[in-house]
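Architecture at a glance
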Amino acid sequence: MPVAELLQRHAAVWRRAVCHPFLDAVRDGTLPAAAFDTWLVQDARFVADLLRFQARLLARAPRQAQSVLAGSVTALVEELGWFEQQAAARSLDLAAPALPATAGYAELLDRLDSVDVPNALVALWTIERTYLDAWSGARPGAPEYREFVEHWTVPVFAEYVAGLEVAADRAGPVDADAVFLEVVAAEIAFWEMAVEAR
Ligand code: MP5
C-alpha cells in the first residue's frame with residue numbers, strides 16, 4: 001500500500017492535524033504573540049529531538065534512503081541555527097523546559113528506534129508531511145507570522161517530503177497504520193499545547 005493512502009484511510013484524524021485552530025489563528029492574525037512564542041520555543045526543542053532520531057535512523061537506513069536522510073540531517077542542523085536566530089530576535093529562552101506535549105513527542109521518537117526501518121520511515125514522512133500540509137493551509141499567514149508560514153511551504157521542503165514518501169514506499173512498510181496514527185496524535189497534541197498556552 002502506498003503510504004499516501006494513509007491520508008485517505010484516516011482522513012478525519014488527519015484533518016485535525018493539518019487544519020487546527022492554531023493554524024487558522026496564524027492565518028488570520030488572531031494568535032497572541034505569547035502563544036506563538038511558546039510554540040516556537042517548544043518546536044525548537046522538538047527539532048533538536050528530531051535531529052537525534054533522524055541521525056539514528058540514517059545509521060540503520062537501507063541504501064536507497066541514505067541520500068534523502070543524510071541531506072535532511074544537515075538541513076536540521078541548519079534549521080536549529082534558524083531557530084536560534086528567531087529566538088534571539090524575539091528575546092526567547094530556548095532553554096525553557098519541555099512542555100508535556102514536547103516531552104511526549106520526544107518519548108515517541110525514542111520508541112521509534114525500536115520500530116522496523118520501513119515503519120520508522122513512514123513515521124518521519126508523516127512528521128514532515130503534517131508540517132507541509134498544515135502550514136500550506138495557513139498561507140499566506142498574517143504579516144507577523146508570514147515568514148514562518150513561508151519557511152515550511154518553500155518548494156525545497158515540499159521536494160524533501162516527496163523524497164521521503166518515495167523512500168518510505170520503496171522500503172515497503174507493512175501495517176503502517178499504527179505508527180501513522182501515533183505520529184498524527186502527537187502532532188495534534190503539539191498544536192493543542194500551543195493553543196492552550198494562549
Ligand atoms: C515538524 C516540526 C517539521 N518542526 N515540528 C513538529 C511538531 N512536527 C514537524 O520538522 P522540520 O524538520 O522542522 O521540517
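All values reported here derive from a predicted model rather than from experimental measurement.

Thoughts on the overall build of the chain
Along the backbone of the chain there are ten helices and zero strands. Ordered by position from the N terminus, the helices and strands of the chain form the series α-α-α-α-α-α-α-α-α-α. For the chain, whose C-alpha radius of gyration is 16 Å, the value lies close to the compact-globule estimate of 16 Å for 198 residues. In terms of overall dimensions, the chain has a C-alpha envelope of 45 × 30 × 30 Å along the principal axes. For the chain, buried positions account for 49% of its 198 residues.

Digging into the layout of surface pockets
Roughly 440 Å³ of volume is contained in the largest pocket. Around the largest pocket sit 19 residues that line it, and Ala 75, Glu 79, Trp 152, Phe 157 and Tyr 160 are the ones nearest its centre. The set of elements that each furnish at least two residues to the lining of the largest pocket consists of helix 4 (33-59), helix 5 (63-89), helix 7 (117-137) and helix 9 (155-171). Of the residues forming the lining of the largest pocket, the biggest block, five residues, is contributed by helix 5.

Thoughts on the environment of Glu 144
Here Glu 144 lies in the loop between helix 7 and helix 8 (146-151). The exposure class assigned to Glu 144 is partly exposed, which follows from its relative accessible area of 45%. In the structure, Glu 144 is positioned 111 residues away from Ala 33 in sequence and 8.9 Å away in space, judged by C-alpha atoms.

Describing the UniProt feature "active site" (unreviewed entry) in the chain
In this structure's numbering, the residues bearing the UniProt feature "active site" (unreviewed entry) are Glu 187. Within the secondary structure layout, Glu 187 lies in helix 10 (residues 177-196). Owing to a relative accessible area of 2%, Glu 187 belongs among the buried residues under this scheme. Non-local contacts of Glu 187, meaning those with residues more than four positions away in its chain, are made with Ala 17, Tyr 105, Ile 127, Thr 130 and Tyr 131. Polar side-chain contacts of Glu 187 include one of 2.6 Å to the side chain of Tyr 105.

The rules we used
Residues numbered from 1 in each chain as written. Predicted model: local features only at pLDDT ≥ 70, side-chain atom pairs only at ≥ 80, totals over all residues. Heavy atoms only, no water. Helix = DSSP H or I, 4+ residues; strand = E, 2+ residues; numbered from the N terminus. Rg over C-alpha atoms; globule rule 2.2 N^0.38 Å. Buried < 20%, exposed > 50% of the residue type's maximum accessible area, 1.4 Å probe, protein only. 1 Å grid on protein atoms, 1.4 Å probe; cavity = no way out; pocket = protein on both sides within 12 Å on 5 of 7 lines; lining within 4 Å. Points joined across faces, edges and corners; volume = space filled by probe spheres on them. UniProt positions renumbered as here; feature names shortened; annotations may be inferred. Contact = heavy atoms within 4.5 Å. Polar contact = N/O pair within 3.5 Å; in protein donor to acceptor, adjacent residues only side chain to side chain.

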